[in-house]
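What follows is the residue order along each chain.
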Amino acid sequence: MTDFSELFPPSGGCQGCRRSSQPDLDFSFAFQPIVDLRDRSVFAHEALVRGINGESALSVLEQVDDQNRYRFDQQCRVRAISTAADLGMTQHLSINFLPNAVYRPELCIRSTLDAARAHGFPLDRLIFEAVEGEHVESNRHLMNILREYREFGFKTAIDDFGAGYSGLNLLADFQPDLIKLDMALIRDIHRDRVRQAIVRGVVGICVELGVEVIAEGIEHAEERDFLADCGIYLMQGYWFAKPAFKALAQIPEGAWPQH
C-alpha cells in the first residue's frame, strides 16, 4: 500500500476539508440491519443519516450544497464509525458516500482511517456504498474511488443497482464486493414475471463475477422466499427491521424463514 503520510498535515484531513469555511451540520444516524439467511445472522448495519432528534434524512440532506458537500461527506464517515463503535457493533458497517465529494480518494480517506484507528474498528468491516443512480462526473472517477478504497482494505458496494442507466457498464468496469438491488425491482417480485427474469439474470452474472447480491426493500415474506430461491441470501428491509435511531435493531424470530 502506498504511504500517503507526507501528503497530510499533522492535524489530519486534506486540503478540500481545510478550505471549507462552512460549519458542521448537526445530524445523527439510524442503523438498519442487513441479514444473512444462511445462518440467520446480521451481516451488516447500514448507517442512515437522520436529524439529531431522529428527523428524516431529507431534513439533513436538503442542507447539503456545493459549498459543504465535501465537509458533510467527511463528517458522515467519522460519525458513522464513532457511533457504531459506541454501540458495540461487531458486524460490518455500511456507509453511503458521495462520489462528487471525493476529489482525490487517496487524500480524502485520511479522516476515515483516523476514525477507524481511534475507535478500533477493523477496516475490512467497513463497506462503502456508491449510489448507481447518482450523477457523477464520469464513471472513471467513480471506478478510481472504488479501486482505491479496495486497496485500503474496505469492501465496496454499488447501491440501488438497477435504478440508474449505467449499472451494467459499472459492473463491466469494476466488480465490487457487493451490489444492492434497487427496491423497485424487489417490490412484489413474487407476482411479476418480468422482474423475476431480470433478477435471475443479474444473480447469474454476479455469481460468475464473484459479486454478492443484497436485496433491499424486503417487506413481505413472499418476496423474501422468492429471492432466497434465486440464490440471494443477504437481505434488508422493513420485513426484518426498521432503522433504529442511535441503536442496533433486533430481528424478530418471525422474520426468518421457517423450516
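Residues numbered from 1 in each chain as written. Predicted model: local features only at pLDDT ≥ 70, side-chain atom pairs only at ≥ 80, totals over all residues. Heavy atoms only, no water.

> For the environment of Gln74, give the residues involved together with the corresponding values.
Following the sequence through the fold, Gln74 ends up in helix 3 (residues 69-86). Relative accessible area serves as the criterion here: at 7%, Gln74 is assigned to the buried category. Apart from the residues lying within four places of it in its own chain, the contact partners of Gln74 are Cys108 and Ser111. (Helix = DSSP H or I, 4+ residues; strand = E, 2+ residues; numbered from the N terminus. Buried < 20%, exposed > 50% of the residue type's maximum accessible area, 1.4 Å probe, protein only. Contact = heavy atoms within 4.5 Å.)

> Which residues make up the pairing of strand 6 (residues 178-181), and what values go with them?
The side-chain alternation of strand 6 yields two buried faces, one formed by Leu178 and Lys180 and the other by Ile179 and Leu181. Alignment of strand 5 (residues 155-161) against strand 6, held across 3 bridges, turns out to be parallel. Bridge pairing links Phe161 to Leu181 in strand 6. Examined bridge by bridge, strand 6 and strand 7 (residues 212-216) share 4 bridges and lie parallel to one another. Across the sheet, the residue bridging to Ile179 is Val213, located in strand 7. (Pairing = 2+ DSSP bridges.)

> Can you break down the nonpolar core residue by residue, with the values?
Leu93, Phe97, Leu126, Ile179, Leu181 and Leu227 are the most contacted members of the largest nonpolar core, which has 67 residues in total. Sorting elements by how many residues they give to this core places helix 3 first, with 6 residues. If near-sequence neighbours (up to four positions away) are discounted, Leu93 is found in contact with Phe31, His45, Ala47, Ala80, Ile81, Ala84, Phe121, Arg125, Leu126 and Ile127. (Core = buried A, V, L, I, M, F, W, Y, C linked by side-chain atoms within 4.5 Å.)

Bear in mind that shape data such as this cannot, by itself, settle questions of function.
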